[in-house]
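Breakdown of the fold
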Amino acid sequence: AQSVTQLDSHVSVSEGTPVLLRCNYSSSYSPSLFWYVQHPNKGLQLLLKYTSAATLVKGINGFEAEFKKSETSFHLTKPSAHMSDAAEYFCVVSDRNSGTYKYIFGTGTRLKVLA
Amino acid sequence: KAGVTQTPRYLIKTRGQQVTLSCSPISGHRSVSWYQQTPGQGLQFLFEYFSETQRNKGNFPGRFSGRQFSNSRSEMNVSTLELGDSALYLCASSLVGAGDTGELFFGEGSRLTVL
């Protein structure tokens, strides 16, 4: 069975400092992993995705994530936080089962950026 | 290319009423999924439609139903509304077939308030 755990429900950083949002997953299959961002009263926007190619994945707005199979982790990082990064972030794991994808969403990490 | 469009964006209903929400996927996308998002339960999968057929279903009561039309547009219906149905309902579309990497594209959601 698949599962995904976001280790922090809230993270606060100062503007200009690094961001680390942690995600661990469990999957019986070779998973696809995604990070999505959600700003207030908006839908989810894809930041980046891992689909069994390069383990270091670069996304939009300076975010990147590294797939570590041995640690079953897919942590999201950014070298320098910006005020506009304040939002909720979701880690998602999916597999292909009979030609369809099933998606498991983490519970989200709310990122606060302090001026 | 236009994104996923959900209507209406906001609506208020009273207990016992029913509601229909609409979702127009990205052109060429044949899969449409629905999610309920609440502060307490997070993102929960409702159902997924592909080629007018329900392919996957989450753990929701029969009051929640959906359908997909031949042009891939989808509607979801909630009957006999309860206070607990107040939520942001998100629709996501995805490409199925060549080029599909499993990415979900989300609309901005329909915020339902039940009084």
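Because the structure is predicted, anything quoted here is derived from the model rather than measured. (Residues numbered from 1 in each chain as written. Chains lettered and ligands numbered in written order. Predicted model: local features only at pLDDT ≥ 70, side-chain atom pairs only at ≥ 80, totals over all residues. Heavy atoms only, no water.)

1. A closer look at the overall build of chain B
When its secondary structure is counted, chain B shows zero helices and eleven strands. Moving toward the C terminus, one meets the helices and strands of chain B in the order β-β-β-β-β-β-β-β-β-β-β. When its C-alpha atoms are laid out on the principal axes, chain B stretches across 45 × 25 × 25 Å. A buried classification covers 50% of the 115 residues belonging to chain B. Entry remark: accessible area of chain B is about 5300 Å², with carbon and sulfur atoms responsible for 50%. Positive and negative charge centroids in chain B, built from 11 and 8 side chains respectively, lie 5 Å apart. (Helix = DSSP H or I, 4+ residues; strand = E, 2+ residues; numbered from the N terminus. Buried < 20%, exposed > 50% of the residue type's maximum accessible area, 1.4 Å probe, protein only. Areas by Shrake-Rupley, 256 points an atom, 1.4 Å probe, with all protein chains shown as cover. Lys, Arg positive; Asp, Glu negative; His and termini not counted. Charge placed at Lys NZ, Arg CZ, Asp CG, Glu CD.)

2. Remarks on unusual backbone geometry
All names here are of chain B. A cis amide bond, omega -10 degrees, links threonine 7 with the succeeding residue proline 8. As for its position among the elements, proline 8 is in the loop between β1 (5-7) and β2 (10-13). Positioned with a positive phi, serine 72 is a non-glycine residue whose angle comes to about 80 degrees. Note that serine 72 resides in the loop between β7 (64-68) and β8 (74-78).

3. Remarks on the sheet that holds β8 of chain B
Residue and element names in this part refer to chain B. The four strands lie next to each other as β1-β3-β8-β7, forming an open sheet whose pairing is antiparallel. Single-partner strands in this sheet number two, and they are β1 and β7. Strand-to-strand twist in this sheet, taken as the mean axis angle between neighbours without regard to direction, amounts to 15 degrees. (Pairing = 2+ DSSP bridges. Axes fitted to C-alpha atoms, helices over the stretch in contact; angles between N-to-C directions.)

4. Regarding the environment of phenylalanine 34 of chain A
Here phenylalanine 34 of chain A is to be found in strand β5 (residues 32-38). Along the chain, phenylalanine 34 of chain A and serine 12 of chain A lie 22 residues apart, while their C-alpha atoms are 22 Å from each other.

5. With respect to the interface of chain B and chain A
Listed per partner, the contact involves 18 residues of chain B and 18 residues of chain A. Summing both partners gives a buried area of about 1600 Å² for chain B against chain A, and 51% of it is carried by carbon and sulfur. When the area that chain B buries against chain A is broken down by residue, the three leading residues are Leu43, Thr101 and Phe106 of chain B, summing to 27%. For the interface between chain B and chain A, the tally reads two salt bridges. (Contact = heavy atoms within 4.5 Å. Buried area = accessible area lost by both parts, 1.4 Å probe. Salt bridge = Lys/Arg side-chain N within 4 Å of Asp/Glu carboxyl O.)

6. A few points about the state of the cysteines
Applying the stated criterion to the full structure yields two disulfides over all chains. Bridging cysteine 23 of chain A to cysteine 91 of chain A, the disulfide has an S-S length of 2.0 Å. One disulfide, between cysteine 23 of chain A and cysteine 91 of chain A, carries an S-S torsion of -65 degrees and so falls in the left-handed class. Placement of cysteine 23 of chain A in strand β4 (residues 23-26) and of cysteine 91 of chain A in strand β10 (residues 87-97) is noted, with a sequence separation of 68 residues between them. The same class applies to cysteine 23 of chain A as to cysteine 91 of chain A, namely buried. In this model, cysteine 23 of chain B is linked to cysteine 91 of chain B through a disulfide, with the two sulfur atoms separated by 1.8 Å. (Disulfide = S-S within 2.5 Å.)

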